[in-house]
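Each chain, written out:
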Amino acid sequence: MSEEIKPRKVVIVGAGRVGSHSALCLMFQHLVNEIVFVDINQEAAAAQAGDLNDLASGLGDNFVIRVGNYSDCVDAHFVVLTAGRSRRPGETRLEMLGGTLKILEGIVTGIRESGFHGILISVSNPCDVVTEYLYRNLGLPRSQVFGTGTLLDSARLRRALSEIIGVNSKQIQAICMGEHGDSSFIPTSHISVQGIDLREYLSLVHSDTDINFDDVMKRVRESGSSIVAGKGCTEFGIGSVVASIIASILHNESIVLPLSAHLEGEYGESGISIGVPCMLGMEGIERVLEIDLSYNERRAMRKSCDVVRSYVDQAMQPVEEQAE
């Protein structure tokens, strides 16, 4: 019989900058009361836990923040996978696959053998490939294994559009789809400003504004790279993304977010995880939404899926060879 899940317990695998800032965001929003770090560097993980415990004393909640091991996953509501090195300047996320695969095998074994049956949120890059690897190897339904996908890309997109058209980014409905990487794309046919189609909005308010979406997509794609070049990693934005996902699940908000989900025929694709709009509720992904795409958007989706699939095949090859 499975251990009963503790609804506000999260295990964060990887106690580096992304893991620690995910914990920080969860604490500031009072979403969880038990955070367990699992990291090969236990001394560093203990230091992170100690630092966050100092913060906890001023927040008022009865937080438990400690270092543990994979056995702690058995009753965790959430496991957040952030393990892996930071992206190097000039490096694509896909180029990180080799190093990430070396880390993943032991992690997957530890999580699977723990009896974990909660919701796993994958952050580690390359996000879509890692998500599919986890889905295939953990034996959990796709509703419970998914990645942050293009959620951060979409936030960057809304910020870029906000600056171009001069409206608060919260008023803009727009997402990126596809790979969390260089083959992502913007379904421009689904952009609106508080329910008003973007083209109509521009005709009403900014008749002289012409948005070059190639430039916008370039800006979105290069946003993370520019941060990495300047400070060596990204941490704050992705930490807030993790917290927003967990908040949506805990509060059963039934909202639509662009997440990396395993496809089972949606968009004519199967056998990969990639960024698509998903309905998120208390059980995780309740439904993958197959929105209507234009001809060019369908081509962009197919191209992005082909890129991710080629790397998924590479990631799964050792597993398949062992099974023969």
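Residues numbered from 1 in each chain as written. Predicted model: local features only at pLDDT ≥ 70, side-chain atom pairs only at ≥ 80, totals over all residues. Heavy atoms only, no water.

1. Notes on helix H1 (residues 17–28)
Threshold: Here a helix means four or more residues in a row that DSSP labels H or I, a strand means two or more in a row labelled E, and each is numbered from the N terminus. One fewer than the residue count of a helix, multiplied by 1.5 Å, yields its expected span. Any residue under 20% of the maximum accessible area for its type is buried, any over 50% is exposed, and the rest in between are partly exposed; the area is computed with a 1.4 Å probe on protein chains only. For this analysis, residues touch if any pair of their heavy atoms sits within 4.5 Å.
Helix length check: H1 (twelve residues) gives 16 Å between terminal C-alpha atoms against 16 Å at 1.5 Å per residue, within 8%. The buried count for H1 comes to nine of twelve residues, which makes it a mostly enclosed element. Among all positions of H1, only Val18, Gly19, Ser20, His21, Ser22, Ala23, Cys25, Leu26 and Met27 are buried. On the buried face of H1, the contacting elements are strand E1 (6–13), strand E2 (34–38), helix H2 (42–59), strand E3 (64–67) and helix H8 (236–250).

2. Things to note about the pattern of salt bridges
Side chains that differ in sign of charge can pair as their charged atoms come close. Note the following rule: Any carboxyl oxygen of Asp or Glu that lies within 4 Å of a side-chain nitrogen of Lys or Arg is treated as forming a salt bridge with it.
Tallied over the entire structure, the rule returns 14 salt bridges. Here Lys6 and Glu34 are joined by a salt bridge, their closest N and O atoms 3.9 Å apart. Placement of Lys6 in strand E1 and of Glu34 in strand E2 is noted, with a sequence separation of 28 residues between them. Where Arg309 meets Asp306, a salt bridge forms, and the shortest distance between an N and an O atom there is 3.3 Å.

3. A short note on the nonpolar core
Short version of the rule: Nonpolar core, defined: a set of buried Ala, Val, Leu, Ile, Met, Phe, Trp, Tyr and Cys residues in which side-chain atoms within 4.5 Å join the residues together.
Phe37, Ile245, Val276 and Met301 are the most contacted members of the largest nonpolar core, which has 78 residues in total. Considering each element in turn, this core owes the most residues, eight residues, to H8. Sequence-distant contacts of Ile245, that is, excluding residues within four places in its chain, are made with Ile121, Phe146, Thr148, Leu151, Leu257, Leu259 and Leu280. Counting 18 residues, the second-largest nonpolar core is a separate cluster that includes Val167, Cys176, Tyr201 and Ile211.

4. Structural notes on the environment of Cys73
Looking at where Cys73 falls in the secondary structure, it is placed in the loop between E3 and strand E4 (76–81). Taking the C-alpha atoms as reference, Cys73 lies 35 Å from Ala229; in sequence the two are 156 residues apart. Beyond its immediate sequence surroundings of up to four residues, Cys73 is in contact with Val11, Val79, Ile111, Ser114 and Phe116.

5. What to know about a nonpolar patch on the surface
Applied cut-off: Here a patch means residues that are over 30% exposed by relative accessible area and free of salt bridges, tied together within 9 Å if like-charged and within 5 Å if nonpolar (Val, Leu, Ile, Met, Phe, Trp, Tyr). The Shrake-Rupley method, run with a 1.4 Å probe, gives the accessible areas here. Residue values count only the displayed protein chains as cover.
Judged by side-chain polarity, Ile196, Leu204 and Val205 come together as a nonpolar surface patch covering roughly 260 Å² of accessible area. Residue placement: Val205 occurs in helix H6 (residues 198–205). For Val205, a relative accessible area of 47% puts it in the partly exposed group.

6. Overview of the sheet that holds strand E7 (residues 172–173)
Note: strands within a sheet are paired through backbone hydrogen bonds, in either parallel or antiparallel orientation. What counts here: Strand pairing is assigned whenever DSSP identifies at least 2 bridges connecting the two strands.
Spatial ordering of the open sheet is given by E7-E8-E9, a layout of three strands whose pairing is antiparallel. If you trace the sheet from one side to the other, it starts and ends with E7 and strand E9 (196–197), each paired once. Here E7 pairs with strand E8 (residues 192–193) via two bridges, running antiparallel. Bridge assignment links Ile172 to a residue of E8, and that residue is Val193.

7. Quick notes on the pairing of E3
Convention followed: We call a crossover right-handed when, viewed with both strands directed away from the observer, the connection leading from the first strand over the helix to the second proceeds clockwise.
Across four bridges, E2 lies against E3 in parallel orientation. Bridge pairing links Ile35 to Ile65 in E3. For the segment spanning E2, H2 and E3, crossover handedness is right-handed.

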